[in-house]
Amino acid sequence: MKRVVVTGMGVISPLGNDVNQFWENLSSGKSGISKIEQFDVSDLKTKIAGSVINLDAEGRWGTKEAKKLDRFAQFALAAAEEALAASQLNLEKVDKERMGVYVGSGIGGLNTLIDNVNILKDRGPNRVSPNLVPMMISNAAAAQISIRLGALGPSLSPVTACSIGNTSIGEAFNAIRNDDADIMFAGGAEAAISRLSVASFANARALSSRNNEPELASRPFDEERDGFVMSEGSGILVLESLEHALSRNAPIICEVIGYGASSDAYHMVASHPEGIGAYTAMKNALRKASITTDDVDVISAHATSTKVGDMSETLAIKKLFGADAHRIPVTANKSMLGHMLGAAGGAEAIALAKTLQHQLIPPTINLRNPDADCDLDYVANTAREKVMSIGLSNSFGFGGHNSAILLKKYE
């Protein structure tokens, strides 16, 4: 089996539209949650979200091209461009039949669909965009990246809800290890903040309604948490075989050493209350990496700031790690980022890579009154320096889809 390394990363997020800004804000404990400005929220129960700002799509690709891309695909392309530049890949010299793209989205071009439904209703069928379908389908991000790169290798758009980022990275890891590719662009993208989606999640009582204190709304593991905060963006990583990376003297950020997946087989929207699926995904990742719980130095939790979700993940960590569970720092990036849905895993993998690179764990902010049943070391409110080699990142999604990846500091 080939070893797999990360050589480039790119991110679009509520905490910044490049990796350096993203990491600076994340490691300093800054919240990216604010009041929704892009549409009327006066009649909505939830009026806050983690919105991406200052992404100039027309400036990047021109007006004509930008208008053919739904917002989620714009995010994915922008993140992929940053990842490409950081990797120092020369596309004229790589074997493009050995370069692939695994990038997914949970909801795809929702806003493009909503806009065209309204156009159909108000202006008739002749005004519906001929680009509706290629803009809204969930594989548009992977397809657009493949087209821009000229990537002729394996292409896949996983739809595993909020575990998409980890699923994409994990399956890309497998593709390289199994010698199906030398280079993979992997991650997720999402741009689903709309009146429709906010209303639906709010009516399901899944969203925080702390509208007057948006920066305090996402509070994983806190007794006063009242739901997650919708967010958007993209996180894309460049994975390469170690052999290929070394052959071109690539900048190696970290190594991917394990990936595990599972299903709760329990409920369409609720996590298994005992964390069975989360436990299995983490256990599988450690088994694939041929390491033990003793080897894990930090955990990046899925931790959406929901009562059942945070509790079930805590139980899963305790079940797998036993006595080590209280030793290992657990950080919750969504306390600052909100829940980027299908983009969460990619962005959080980037955060974990930077954690290992800088030997600094981002804090779980807003953890002021810990839930008595969530009693692990959650790196509350202040970043922490620590000597670390291996980190575990969890992502779980609606339908019971679970995925976990293991990153290792490259030696």
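Right, let's walk through the structure included here. (Residues numbered from 1 in each chain as written. Predicted model: local features only at pLDDT ≥ 70, side-chain atom pairs only at ≥ 80, totals over all residues. Heavy atoms only, no water.)

Some thoughts on the side chain of Thr7
Definition in use: Counting from the N terminus, the helices are DSSP H or I runs at least four residues long and the strands are E runs at least two residues long. Relative accessibility decides the category of a residue: with a 1.4 Å probe and only protein chains considered, values under 20% of the type maximum give buried, values over 50% give exposed, and everything between is partly exposed. Definition of a polar contact: a pair of N or O atoms within 3.5 Å, with one able to donate and the other able to accept a hydrogen when the atoms are protein atoms, and with sequence-neighbouring residues admitted only if both atoms are side-chain atoms. We call two residues in contact whenever any of their non-hydrogen atoms come within 4.5 Å of each other.
Secondary-structure assignment places Thr7 in strand S1 (residues 4–12). Thr7 sits in the buried class, given a relative accessible area of 1%. At a separation of 2.7 Å, a polar atom in the side chain of Thr7 contacts the side chain of Glu240. Setting aside residues no more than four positions away along its own chain, Thr7 makes contact with Ala86, Ser87, Val238, Glu240, Ala245, Arg248, Ala250, Pro251, Ile252 and Ile253.

Some points on the pairing of strand S14 (residues 401–409)
Definition in use: Two strands pair if DSSP finds at least two bridges between them.
Bridging between strand S8 (residues 254–263) and S14 involves nine bridges; their strand directions are antiparallel. Bridge pairing links Gly260 to Ala404 in S14. As paired elements, strand S13 (residues 390–397) and S14 share eight bridges and run antiparallel to each other. What sits directly across from Phe396, in S14, is Asn402.

Things to note about the pairing of S1
In terms of burial, S1 is largely enclosed, as nine of its nine residues are buried. Sheet topology note: the S1/S8 ladder contains three bridges and is antiparallel. Looking at S8, one finds that Val4 is bridged to Val256. As judged from the eight bridges shared by S1 and strand S7 (residues 233–241), these two strands associate in the antiparallel manner. Considered in S7, the bridge of Val5 is made with Glu240.

Thoughts on the pattern of salt bridges
Put simply, the rule is: For salt bridges, the criterion is a side-chain nitrogen of Lys or Arg within 4 Å of an Asp or Glu carboxyl oxygen.
A complete count under the given rule lists 19 salt bridges for this structure. For Lys334, the salt bridge is made with Glu348, and the minimal N-O distance between the two is 2.8 Å. Here Lys334, found in helix H13 (residues 334–337), pairs with Glu348, found in helix H14 (residues 344–358); they are 14 residues apart in sequence, far enough to count as distant. Accessibility classification places Lys334 together with Glu348 in one group, the buried group. Members of the salt-bridge network, linked through shared partners, are Lys2, Arg98, Asp179, Asp182 and Glu243.

What to know about the side chain of Ser241
In this fold, Ser241 is placed in strand S7. In this structure Ser241 comes out as buried when scored by relative accessible area, which is 1%. Among all residues touching Ser241, those that are not within four sequence positions of it are Lys2, Arg3, Val5, Ile176 and Asp182.

Describing the packing of aromatic side chains
The cut-off we apply is this: Centres within 6.5 Å are what make two rings of Phe, Tyr or Trp a pair, Trp counting through its six-membered ring; a difference in plane orientation under 30 degrees is then read as stacked, over 60 as edge-to-face, and the rest as tilted.
By the definition in use, this model includes three aromatic pairs. Taking the centre distance of 6.3 Å and the plane angle of 65 degrees together, the rings of Phe201 and Phe398 count as edge-to-face. Placement of the pair is Phe201 in helix H9 (residues 195–203) and Phe398 in the loop between S13 and S14, with a sequence separation of 197 residues. Since its relative accessible area comes to 16%, Phe201 is described here as buried. Overall, the relative accessible area of 36% leaves Phe398 in the partly exposed class. Here Phe221 and Tyr378 contribute two aromatic rings whose centre-to-centre distance is 3.8 Å and whose plane-to-plane angle is 10 degrees, an arrangement assigned as stacked. Taken together, the residues Phe221 in the loop between H9 and S7 and Tyr378 in the loop between strand S11 (360–361) and strand S12 (384–385) connect sequence positions 157 residues apart. Neither Phe221 nor Tyr378 differs from the other in exposure class; each is buried. Cluster of aromatic residues (ring-pair linked, three or more members): Phe201, Phe228 and Phe398.

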